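# Results of the structural survey
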Amino acid sequence: AFLLSCHTGLRYSDLKQLKQGNVTFEGENAYITVVQQKTKSMNRIPVPVQALGLLARGASEGPDALIFPELAVSSTVSVALRAFLLAAGITKKITFHSARHTYAMAVYTATSDLYVTQQLLGHTDIKTTQIYAKMSDKRKLEAVQQLQEQMYQKGKKK
């Protein structure tokens, strides 16, 4: 569930209620359609190919089957997440919500588009998205380098 959140930005509350029927396929593309618990708004999120295997749980049980039934008890989720992180050698304090931040930063870094990030996260207010879109020093440096390259290319043409 944590990894799926890293790939889709879904909140814990939405993953907890995620059913097989929320997953649809159009050709080779998969989508998760949910009414978000927090905003009560409908959101349709494309699922990256790398995350498709995470959705296979409960598929044989039909459209009403929960994909992550074990999320019903949040205290066990925190313990399991901590064990998962330690097994991976990660000692930094990470919460389930960190996965949503990971997704937001990945989308924003890849696109530099705050509106796309807002839509994928299902935020109703762009100000909320701006919290997630703190620019990394690396991205700032890349932007300045791109600007310098463009200016240099224009200067050469004169």
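In this text, all values refer to a predicted model and were calculated from it rather than measured experimentally. Numbering of residues starts from 1 in every chain and runs along the sequence as written. Where local features are concerned, this predicted model is filtered to residues with pLDDT of at least 70; where side-chain atom pairs are given and counted, the filter is 80 or more; whole-chain, interface and lining totals use all residues. Computation of side-chain values covers all heavy atoms of the structure but excludes hydrogens and water.

Stacked, edge-to-face and tilted labels apply to pairs of Phe, Tyr and Trp rings (six-membered ring for Trp) whose centres lie within 6.5 Å, assigned for plane angles under 30 degrees, over 60, and everything in between, in that order. In this structure the tally under the stated criterion is two aromatic pairs. The interplanar angle of 80° and the centroid separation of 5.2 Å between the aromatic rings of tyrosine 12 and phenylalanine 96 together place this pair among those described as edge-to-face. One end of the pair, tyrosine 12, is in helix H2 (residues 12–16); the other, phenylalanine 96, is in the loop between helix H3 (74–87) and helix H4 (97–111), and 84 residues separate them in sequence. Members of the aromatic cluster, connected to one another through ring pairs, are Phe2, Tyr12 and Phe96. Taking the ring centre of tyrosine 31 as reference, the NZ or CZ of arginine 44 above it sits at 3.7 Å. A run of DSSP states H or I qualifies as a helix once it reaches four residues; a run of E qualifies as a strand once it reaches two. Both are numbered from the N-terminal end. Here, a charge over a ring means that NZ of Lys or CZ of Arg falls within 6 Å of the ring centre while also lying within 35 degrees of the ring normal.

Moving on to the side chain of histidine 123. Examined against the element boundaries, histidine 123 turns out to sit in the loop between helix H5 (114–121) and helix H6 (126–132). Between buried and exposed lies partly exposed: a residue is buried under 20% and exposed over 50% of the maximum accessible area for its type, with that area taken using a 1.4 Å probe on protein chains only. A relative accessible area of 7% means that histidine 123 is categorised as buried. Two N or O atoms form a polar contact when they lie within 3.5 Å of each other; inside protein one atom must be a possible hydrogen donor and the other a possible acceptor, and for residues adjacent in sequence the pair counts only when both atoms belong to side chains. Looking at histidine 123, its side chain comes within polar contact range of the side chain of arginine 100, at 3.2 Å. Here threonine 129 takes part through its side chain, which lies 2.7 Å from a polar atom of the side chain of histidine 123. What makes two residues a contact is simply this: any of their non-hydrogen atoms within 4.5 Å. Among residues more than four places away in sequence, those in contact with histidine 123 are Arg11, Arg100, Gln118, Thr128, Thr129 and Tyr132.

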